[in-house]
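Take a look at the letters that make up each chain.
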Amino acid sequence: SSEVRAAGLVYIFQGLSASEERALQLAMQRRQRGQECLSRYLTLIKERPRRQSESFVETELVDHLGIMYQHCPTRDNKLTAIKKLSECKDRKVLKLLALIADPTTPLKEVVKAREELPSIVPGGSGGPVGLFIKDIARLCGMGFGGPEMLVAILKIAKDAVRREEQSISQAAISLIQSLIASFPGLFLCVAADLVDLYKALKEVQSDRTSATTTTNTTSWKHDLTTNLLEVFFKAGSMAKEAPVARAFIPDLERICTKDGSPAQAKIAMRVLGALCGGGDMTTQGSSSSSSSSS
């Protein structure tokens, strides 16, 4: 299940060195670039019949074939399979490839697309196109980091925060941060869960505030909150599309004005900028000032 795989992934992530974390991040970034490349490739194929300038589309597509080859090299080191795939008129093939290119596609659908695609492309699964399709699915399709997995990791993080398990909390939130930095589209799948996690973290911080609270305890919770705010910023424009993230604006304003540390306030301001844009951000700030003065 996703829960079991998520628990295993968080456990492994806890033991990674800084260089190993970086290697994992680079692997995720390569997959994301492959997805973008495949998505652009599919767009060019779909636009071909609608564009007035056929020669322009062909030139752009041919140029993109070389880029595609860099991310998904063919087994015979030639562009033949990529060109043949671009000539495919089967809408089902293009639809399944689009699922592979989308990081928010549920794992079951990714697996189904991987299994089905090689057998329906020209030449079958053993032909050049079929073999190339298998490589595309392997290099571009989401595996461990799909939406279900991210939801499960968020649940682990929330439970660990409430139990004040520092190591698990830190590993889970760092993993979430890496996934959303690499695949911003996933943010829309888990925006509400991220806000819930932030609120759970704030509740634990306020509940445990006492004379017996150690500096170390306060420090790691502060760092977790900072990392969680970074997740919203790394989501970029995706954050703006999530209504629940926009509802998070009052919390961000409080972080800027009274609840957060200087480091957290700085990140919160950047998140506000991503959510509101320049003009809206000014308006939001003005309204906050007005309400404060009143």
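Residues numbered from 1 in each chain as written. Predicted model: local features only at pLDDT ≥ 70, side-chain atom pairs only at ≥ 80, totals over all residues. Heavy atoms only, no water.

Visitor: With reference to specific residues and values, describe the overall build of the protein chain.
Guide: What the protein chain contains, in helices and strands, is 15 helices and 0 strands. Considering the protein chain as a whole, with its 294 residues, one finds that 42% of them fall into the buried category. (Helix = DSSP H or I, 4+ residues; strand = E, 2+ residues; numbered from the N terminus. Buried < 20%, exposed > 50% of the residue type's maximum accessible area, 1.4 Å probe, protein only.)

Visitor: Could you give an account of the packing of helix α2 (residues 18-47) against helix α5 (residues 91-101), with specific residues and numbers?
Guide: Between α2 and α5, the shortest axis-to-axis distance is 9 Å and the interhelical angle comes to 155°. The orientation of α2 with respect to α5, classified from their angle, is roughly antiparallel. Seen from above, α2 lies across α5 with left-handed handedness. On the side of α2, the interface is formed by Gln35, Leu38, Ser39, Leu42, Ile45 and Lys46, while α5 contributes Leu94, Leu97, Ala98, Ile100 and Ala101. In terms of residue class, the contact of α2 with α5 is built from 8 nonpolar, 2 polar and 1 charged. (Axes fitted to C-alpha atoms, helices over the stretch in contact; angles between N-to-C directions. Parallel < 35°, antiparallel > 145°, perpendicular 65-115°, else oblique. Left-handed = near helix turned anticlockwise from the far one by under 90°. Contact = heavy atoms within 4.5 Å. Nonpolar A, V, L, I, M, F, W, Y, C, P; charged D, E, K, R; others polar.)

Visitor: Mind laying out the nonpolar core, listing which residues take part and the relevant values?
Guide: The biggest cluster of nonpolar side chains holds 52 residues, and the ones touching the most others in it are Ile153, Ile176, Ile180, Phe187, Leu194 and Leu252. Those elements giving two or more residues to this core turn out to be α1 (2-14), α8 (147-162), α9 (166-182), α10 (187-207), α11 (215-234), α14 (249-259) and α15 (262-293). Element by element, the count of residues in this core is highest for α10, at 9 residues. Two domains each provide a minimum of three residues to this core, namely domain 1 (2-140) and domain 2 (147-203 + 223-276). (Core = buried A, V, L, I, M, F, W, Y, C linked by side-chain atoms within 4.5 Å. Domains from an automatic or database assignment.)

Visitor: Which residues make up the packing of aromatic side chains, and what values go with them?
Guide: The relation between two aromatic rings is expressed through the spacing of the ring centres and the mutual angle of the planes. Counted by the stated rule, this structure contains 3 aromatic pairs. Taken together, a centroid distance of 5.0 Å and an interplanar angle of 80° make the contact between tyrosine 198 and phenylalanine 248 edge-to-face. With a gap of 50 residues between them, tyrosine 198 in helix α10 and phenylalanine 248 in the loop between α13 (243-246) and α14 connect regions that are remote in the sequence. Assigned by exposure class, tyrosine 198 and phenylalanine 248 land together as buried. Centroid distance phenylalanine 232 to phenylalanine 248: 4.8 Å. Interplanar angle 25°. Geometry classified as stacked. In this pair, phenylalanine 232 sits in helix α11 while phenylalanine 248 sits in the loop between α13 and α14, placing the two residues 16 residues apart along the sequence. (Phe/Tyr/Trp six-rings, centres within 6.5 Å; stacked < 30°, edge-to-face > 60°.)

Visitor: Account for unusual backbone geometry, naming residues and giving values.
Guide: Even without a glycine there, the phi angle at glutamate 164 is positive, about 55°. On the secondary structure map, glutamate 164 appears in the loop between α8 and α9.

Visitor: I'd love a proper account of the pattern of salt bridges, names of residues and values included.
Guide: In this structure the tally under the stated criterion is 6 salt bridges. Here glutamate 165 and arginine 163 are joined by a salt bridge, their closest N and O atoms 3.0 Å apart. Since its relative accessible area comes to 27%, glutamate 165 is described here as partly exposed. We note a salt bridge from glutamate 230 to arginine 270, for which the minimum N-O separation is 3.9 Å. With a gap of 40 residues between them, glutamate 230 in helix α11 and arginine 270 in helix α15 connect regions that are remote in the sequence. Looking at arginine 270, the relative accessible area reads 35%, which means it is partly exposed. (Salt bridge = Lys/Arg side-chain N within 4 Å of Asp/Glu carboxyl O.)

By themselves, these are just geometric observations and shouldn't be taken as functional.
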